[in-house]
Amino acid sequence: MALKSDEPLEASGMEQEITDGDGHRLERRRRARVTARPAPRSTPSPPPLTYVRLTERPLRRLPQLFIGLALYGFSLSVMVRASLGVNPWSVLYEGLERHTPLSFGTISAVIGVVVLLLWIPLRQAPTFGTVANIAVLACSSDLGLLLIPQDLGLPARAGLLAGGILLNGLSVAVYVGARFGPGPRDGLMTGASAATGHSIRLVRTWIELTVLAMGWLLGGTVGVGTVLYALAVGPITQFFMPWFAYRDAADRAGGQPSPDEPRAGSHPLP
């Protein structure tokens, strides 16, 4: 009788050993699958967008600067031809164009020079990229307005608006990533922030609202495109920036920019 009573206990022990063994094997397989999984692809992070001197790899960086600026100016003309609203500075250019004999591109250059004069009391120093910004944007935006027809249908205009905003964000990443310094408008923003002690976000917002109001009063186009631009251009630029931001020797070595290297704003935008 004792032997019979022990049989279920022995069988139970064997079942427990089998269950434990299966559990260990399953756990090992699960860990092996987790280990074998490829690491998720991550977006590379951009280096600090501080100014890098002109003499450092100019053959690599100058074409990027000019291509980015040309695309930026062209993207402005694309959004103008969409006639669904443009960015705040373009609203001002359009408004002034209605009251002067100057072209859109010429007005953008004149405003750029005027804004550059405001740098003087703010102790901002222009760079090669600042001057190139004024000249290339004026020429490429006027060229775009000559090439793109007017009075298009609504579907075509909607396509132009979407394409213009996408191209604008991409072009900002391209030319800012060359790290030749900020454009006139961004230098005004960073200089005013440093002089007043207010955040860049607050200063930028006030500048953009002031420019937008002036342009609207002068007859510039304000519409859904203006809102879409404000919401989309930042994320688009941020998405493309890691692929176009130039990395100098210190960045590639994992170090920081030299303390005597001039800084022209951490995040230059047009």
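Source: prediction; values computed, not measured. (Residues numbered from 1 in each chain as written. Predicted model: local features only at pLDDT ≥ 70, side-chain atom pairs only at ≥ 80, totals over all residues. Heavy atoms only, no water.)

### Observations regarding the overall build of the protein
Now for step 1: Check the secondary structure of the protein and you find 11 helices and 0 strands.
Now for step 2: In the protein, the order of α-helices and β-strands from amino to carboxyl end is α-α-α-α-α-α-α-α-α-α-α.
Now for step 3: Going through the 270 residues of the protein one by one, you find that 41% of them count as buried.
Now for step 4: The contacts of the protein with a sequence gap of at least 6 include a subset with a gap of at least 24, amounting to 83%.
Now for step 5: When the accessible surface of the protein is split by element, carbon and sulfur atoms take 66% of a total near 15,300 Å². (Helix = DSSP H or I, 4+ residues; strand = E, 2+ residues; numbered from the N terminus. Buried < 20%, exposed > 50% of the residue type's maximum accessible area, 1.4 Å probe, protein only. Contact = heavy atoms within 4.5 Å. Areas by Shrake-Rupley, 256 points an atom, 1.4 Å probe, with all protein chains shown as cover.)

### Description of the confidence of the model for the protein
Now for step 1: In this model, the protein carries a mean pLDDT of 82, and residues with pLDDT of at least 70 account for 75%.
Now for step 2: Looking over the protein, one finds the lowest element-wise mean pLDDT in helix α1 (residues 2-36), namely 53, and the highest in helix α2 (residues 58-82), namely 96.
Now for step 3: This model gives residues 256-270 a pLDDT under 50, and the stretch forms 35 contacts once residues within four places in sequence are excluded. (pLDDT = per-residue confidence, 0-100.)

### Here's the deal with the environment of Glu-208
Now for step 1: Counting through the fold element by element, Glu-208 comes out in helix α9 (residues 200-217).
Now for step 2: With relative accessibility at 17%, the residue Glu-208 sits in the buried group.
Now for step 3: Between the C-alpha atom of Glu-208 and that of Asn-87, which follows or precedes it by 121 residues, the distance is 9.0 Å.
Now for step 4: In terms of polar contacts, Glu-208 uses its side chain to reach the side chain of Trp-89, at 3.3 Å. (Polar contact = N/O pair within 3.5 Å; in protein donor to acceptor, adjacent residues only side chain to side chain.)

### With respect to unusual backbone geometry
It is generally the case that most residues other than glycine have a negative phi and that most peptide bonds are trans.
Now for step 1: Notably, Arg-57 is not glycine yet its phi reads approximately 45 degrees, a positive angle.
Now for step 2: By secondary structure assignment, the location of Arg-57 is in the loop between α1 and α2.
Now for step 3: Unlike most non-glycine residues, Ser-83 shows phi in positive territory, near 55 degrees.
Now for step 4: With respect to the element layout, Ser-83 can be found in the loop between α2 and α3 (88-99).

### Side note on the environment of Gly-181
Now for step 1: Inspection of the secondary structure puts Gly-181 in the loop between α7 (154-177) and α8 (184-196).
Now for step 2: You can call Gly-181 buried: its relative accessible area is 15%.
Now for step 3: Along the sequence, Gly-181 and Ala-125 sit 56 residues apart, while their C-alpha atoms lie 9.7 Å from each other.

### Focus on the environment of Val-86
Now for step 1: By the secondary structure assignment, Val-86 is in the loop between α2 and α3.
Now for step 2: Relative accessible area serves as the criterion here: at 1%, Val-86 is assigned to the buried category.
Now for step 3: Along the chain, Val-86 and Leu-228 lie 142 residues apart, while their C-alpha atoms are 9.1 Å from each other.
Now for step 4: Not counting the four nearest positions on each side in its chain, Val-86 is found in contact with Met-79, Val-80, Val-91, Glu-94, Thr-221 and Thr-226.

### Here we look at a nonpolar patch on the surface
Now for step 1: A grouping of Leu-54, Phe-66 and Phe-128 is seen on the molecular surface, where their side chains present a nonpolar patch of about 230 Å² in accessible area.
Now for step 2: When you line up the elements, Phe-66 lands in helix α2.
Now for step 3: Taking the relative accessible area as the measure of exposure, Phe-66 reaches 35% and is therefore partly exposed. (Patch = residues over 30% accessible without salt bridge, like charges linked within 9 Å, V, L, I, M, F, W, Y side chains within 5 Å. Salt bridge = Lys/Arg side-chain N within 4 Å of Asp/Glu carboxyl O.)

### Topic: α2
Now for step 1: The first and last C-alpha atoms of α2 sit 36 Å apart over 25 residues, in line with the 36 Å expected at 1.5 Å per residue.
Now for step 2: Positive backbone phi, at 55 degrees, marks Ser-83, one or two positions downstream of α2. (Expected span 1.5 Å × (residues − 1).)

### Let's talk about the packing of α2 against α7
Now for step 1: Close contact between α2 and α7 brings their axes to 8 Å; oriented N to C, the two are set at 160 degrees. Compared by their axis directions, α2 and α7 come out roughly antiparallel. Handedness of the α2/α7 crossing: left-handed. (Axes fitted to C-alpha atoms, helices over the stretch in contact; angles between N-to-C directions. Parallel < 35°, antiparallel > 145°, perpendicular 65-115°, else oblique. Left-handed = near helix turned anticlockwise from the far one by under 90°.)

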